[in-house]
Amino acid sequence: MEKIRGILIGRMQPVHNGHMQVIDKILDEVDEIIIGIGSAQLSHELKDPFTAGERIVMMSQALAERDVDSSRYYIIPMQDINFNAIWVSHVKMLTPPFSIVYSGNPLVKQLFQEESFEVRQPPLYDRLHLSGSEVRRRILAGENWQELVPNSTIELLDEINGVERLKNLSQKEVSDI
């Protein structure tokens with residue numbers, strides 16, 4: 001029997017509880033999930049502070065923390081190519097075959113629908129609080145961000161000095177003039 005495989009692509013900057021709830025729901029619908037770590041070429045920027053490798057570790061550890069069987073997922077870094085007409089082919093080249101695309105992004109949905117993929121809107125869980133933007137905002141504001149992320153994300157950010165990195169990236173350049 002052929003396995004049903006779905007794909008979810010996100011920047012995961014950082015991995016938070018909303019990502020994990022969406023992945024749990026998707027795993028109720030498919031045998032395997034491909035988790036694309038989007039914008040893999042970006043790091044050390046305010047909107048994208050963590051490297052693809054750090055985000056892969058965050059996701060792997062968060063899935064392990066939830067006791068997700070490692071045979072049920074693939075985590076694949078995906079660089080942006082900024083060429084929408086061939087982006088779906090680029091994604092297909094990087095991944096195992098899949099039949100269902102999970103995305104709330106209108107452009108992603110359109111591009112995959114044009115290539116005859118089934119596209120499903122994943123549920124959004126408490127989007128006001130469970131977003132990478134909110135986690136990063138809380139870190140910079142010195143607010144409780146830890147409640148929004150898996151324990152393994154907290155541990156990895158401690159290991160890589162991620163909070164300090166984000167705060168350093170947020171500082172304005174000081175001029176010598």
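Structure first, text after, so check above.
Residues numbered from 1 in each chain as written. Predicted model: local features only at pLDDT ≥ 70, side-chain atom pairs only at ≥ 80, totals over all residues. Heavy atoms only, no water.

1. Examining the environment of Gly 38
- The residue Gly 38 is located in the loop between strand E2 (32-37) and helix H2 (52-65) in this model.
- Judged by relative accessible area, Gly 38 falls into the buried class, the value being 7%.
- A sequence separation of 29 residues divides Gly 38 from Ile 9, and the C-alpha atoms of the two residues are 5.9 Å apart.
- Leaving out residues up to four positions away in the same chain, Gly 38 has contacts with Ile 9, Gly 10, Arg 11, Arg 55 and Met 78. (Helix = DSSP H or I, 4+ residues; strand = E, 2+ residues; numbered from the N terminus. Buried < 20%, exposed > 50% of the residue type's maximum accessible area, 1.4 Å probe, protein only. Contact = heavy atoms within 4.5 Å.)

2. Details of the nonpolar core
- Counting residues in each nonpolar core, the largest one holds 33 residues, and the members touching the most others are Ile 23, Ile 33, Ile 35, Met 59 and Leu 63.
- Contributing elements (two or more residues each) for this core: helix H1 (17-29), E2, H2, strand E3 (73-77), strand E4 (100-102), helix H5 (132-141) and helix H6 (151-159).
- The biggest single contributor to this core is H1, with five residues.
- Those residues in contact with Met 59 that sit more than four places away from it in its chain are Met 12, Val 15, Met 20, Ile 23, Ile 35 and Ile 75. (Core = buried A, V, L, I, M, F, W, Y, C linked by side-chain atoms within 4.5 Å.)

3. Focus: H5
- Taken residue by residue, H5 has Gly 132, Glu 134, Val 135, Arg 136, Arg 138 and Ile 139 as its buried positions.
- Turning to H5, the residues buried within the fold contact H6 and helix H7 (162-170).
- Gly 142, located one to two residues past H5, shows a positive phi value of around 70 degrees.

4. Structural notes on the sheet that holds E4
- If you walk across this open sheet you meet the five strands as E3-E2-E1-E4-E5, and the pairing is parallel. Each edge of the sheet is formed by a strand with only one pairing partner; in this case those strands are E3 and strand E5 (118-120). Averaged over all pairs of adjacent strands, the angle between their axes in this sheet comes to 25 degrees, without regard to strand direction.
- The strands touched by H2 within the sheet are E2 and E3, with E3 carrying the most contacts at an inclination of about 165 degrees. (Pairing = 2+ DSSP bridges. Axes fitted to C-alpha atoms, helices over the stretch in contact; angles between N-to-C directions.)

5. With respect to the packing of aromatic side chains
- Scanning the model with the defined rule gives four aromatic pairs in all.
- Between Phe 98 and Phe 112, the aromatic rings sit 6.0 Å apart at their centres with planes inclined by 65 degrees, giving edge-to-face as the arrangement. A residue pair is termed long-range when its members are at least 10 positions apart, and Phe 98 in the loop between helix H3 (84-94) and E4 and Phe 112 in helix H4 (residues 106-114) qualify at 14 residues. The two residues Phe 98 and Phe 112 agree in class, both being buried.
- When the ring of Phe 98 is compared with that of Phe 117, the centres are 5.0 Å apart and the planes differ by 25 degrees; the resulting orientation is stacked. Of this pair, Phe 98 sits in the loop between H3 and E4 while Phe 117 is found in the loop between H4 and E5, placing the two residues 19 residues apart along the sequence.
- By relative accessible area, which is 10% here, Phe 98 ends up buried.
- Grouping aromatic residues by their ring pairs yields a cluster made of Trp 87, Phe 98, Phe 112 and Phe 117. (Phe/Tyr/Trp six-rings, centres within 6.5 Å; stacked < 30°, edge-to-face > 60°.)

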